[in-house]
Amino acid sequence: MELDLEQLRRQYAELTDEALLEIDASDLVDAAQQCYQAELRQRGIRTGQVASSVDGDVVVIPDQGEPEWLDTGIVVMSLEDSSIVDARSILNRAAIPCFVVERAAEGTRNSSYDLLVPPGQHLLAVSILDRDYFNPRSEEDWKAEFAGLTDDELMDIDADILAVGLRDRVDRLVRAYEDELLKRGLAELETE
């Protein structure tokens, strides 16, 4: 039986960090081990590192080794549950450096988790998280909302008004970027 390495790479890429780390590499043939090790390297997971895992509602974040940018890192997401592991995996797959910090709530046993990225990666990280983390969840909420409407209620919705806030947000982001390019005299360079 011939091993399809491209298919294997895709399968490894689709796994969560936890599922990937559950694989016993010693059970793999040489070619599969190489694909496995390449996926670990791409995600920044060191061999022997303990997987992020969920124990009830508690997220166990492995020792990530503090990056040198941590003091200036920007929080792109804060959560109180295990979803932070999914968000971190999304940024790892996008090759965006990230670090999870646990914040214990004073006087309680509760914690929250901040996902930080280096300065300069903030907007890209937020955009990737919007696309791959928040938007799919919002889509499910929208589907449920629309499914609960009567035919008349559904037909009364003006789709242009429904998305006006999202379009405005995109316009403002692009305008802020282009304004900064103009301010720095870089707008001409981008069109060349």
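Residues numbered from 1 in each chain as written. Predicted model: local features only at pLDDT ≥ 70, side-chain atom pairs only at ≥ 80, totals over all residues. Heavy atoms only, no water.

Trainee: I tried to follow the overall build of the chain on my own but got confused; where do I start?
Mentor: Along the backbone of the chain there are nine helices and five strands. Mapped from its N terminus to its C terminus, the chain presents α and β elements in the order α-α-α-β-β-β-α-β-β-α-α-α-α-α. Looking at the chain as a whole, 28% of its 192 residues qualify as buried. Look at the contacts in the chain between residues 6 or more apart in sequence, and 60% of them connect residues 24 or more apart. With an accessible surface of roughly 13400 Å², the chain has 51% of that area assigned to carbon and sulfur atoms. (Helix = DSSP H or I, 4+ residues; strand = E, 2+ residues; numbered from the N terminus. Buried < 20%, exposed > 50% of the residue type's maximum accessible area, 1.4 Å probe, protein only. Contact = heavy atoms within 4.5 Å. Areas by Shrake-Rupley, 256 points an atom, 1.4 Å probe, with all protein chains shown as cover.)

Trainee: Help me out: how do you make sense of the layout of surface pockets in this one?
Mentor: Regions of empty space are outlined by a rolling probe, equal in size to a water molecule, passed over the atoms. Considering only enclosed or pocket space, the largest pocket measures out at about 440 Å³ in volume. Lining the largest pocket are 13 residues, with Ser127, Asp130, Arg169, Val170 and Leu173 sitting closest to its centre. Contributing elements (two or more residues each) for the lining of the largest pocket: α5 (122-147) and α8 (164-184). A per-element tally of the lining of the largest pocket places α5 first, with nine residues. Of the residues contributing to the lining of the largest pocket, the split by class is seven nonpolar, three polar and three charged. (1 Å grid on protein atoms, 1.4 Å probe; cavity = no way out; pocket = protein on both sides within 12 Å on 5 of 7 lines; lining within 4 Å. Points joined across faces, edges and corners; volume = space filled by probe spheres on them. Nonpolar A, V, L, I, M, F, W, Y, C, P; charged D, E, K, R; others polar.)

Trainee: Just to check I follow, could you spell out the pattern of salt bridges for this structure?
Mentor: Should their charged atoms come close, side chains of opposite charge can pair. Tallied over the entire structure, the rule returns nine salt bridges. Taking the shortest distance from any N to any O, the salt bridge between Lys143 and Glu139 comes out at 3.7 Å. Remark: Glu139 and Lys143 occur in helix α5; sequence separation between them is four residues, near one turn of the helix. Overall, the relative accessible area of 46% leaves Lys143 in the partly exposed class. According to the relative accessible area criterion, Glu139 is partly exposed, its value standing at 38%. Taking the shortest distance from any N to any O, the salt bridge between Glu180 and Arg184 comes out at 2.7 Å. Residue Glu180 and its partner Arg184 are both found in helix α8; the two are separated by four residues, about one turn of the helix. (Salt bridge = Lys/Arg side-chain N within 4 Å of Asp/Glu carboxyl O.)

Trainee: Would you mind showing me how to read the environment of Gln121 here?
Mentor: With respect to the helices, strands and loops of the structure, Gln121 is situated in the loop between β5 (111-117) and α5. Taking C-alpha positions, Gln121 is 8.1 Å from Pro97, a pair spaced 24 residues apart along the chain. Ignoring sequence-local partners within four residues, the contact set of Gln121 consists of Ile96 and Pro97.

Trainee: What should I look at first to understand the sheet that holds strand β4 (residues 99-104) in this one?
Mentor: Through backbone hydrogen bonds, the strands of a sheet pair up, either in parallel or in antiparallel fashion. Ordered in space as β3-β5-β4, the three strands form an open sheet in which the pairing is antiparallel. One side of each edge strand has no neighbouring strand; the edge strands of this open sheet are β3 (74-79) and β4. Across the sheet, the mean angle from the axis of one strand to that of its neighbour is 30 degrees, orientation sign disregarded. Sheet topology note: the β4/β5 ladder contains six bridges and is antiparallel. Opposite Arg103, over in β5, you have Ser112 as the bridge partner. Strands in contact with helix α4 (residues 83-93) are β3, β4 and β5; relative to β5, the strand with the most contacts, it is inclined by about 10 degrees. Strands β3 and β5 of the sheet are contacted by α5, whose axis makes an angle of about 25 degrees with β3. (Pairing = 2+ DSSP bridges. Axes fitted to C-alpha atoms, helices over the stretch in contact; angles between N-to-C directions.)

Trainee: Whenever I open this one, the packing of aromatic side chains confuses me. Can you help?
Mentor: Two measures describe an aromatic ring pair: the distance that separates the ring centres and the angle between the ring planes. Counted according to the given criterion, the structure contains one aromatic pair. With a centroid separation of 4.9 Å and 85 degrees between ring planes, the pair formed by Tyr133 and Phe134 is classed as edge-to-face. Above the face of the Tyr133 ring, Arg137 is positioned so that its terminal group lies 3.7 Å from the ring centre. (Phe/Tyr/Trp six-rings, centres within 6.5 Å; stacked < 30°, edge-to-face > 60°. Lys NZ or Arg CZ within 6 Å of the ring centre and 35° of its normal.)

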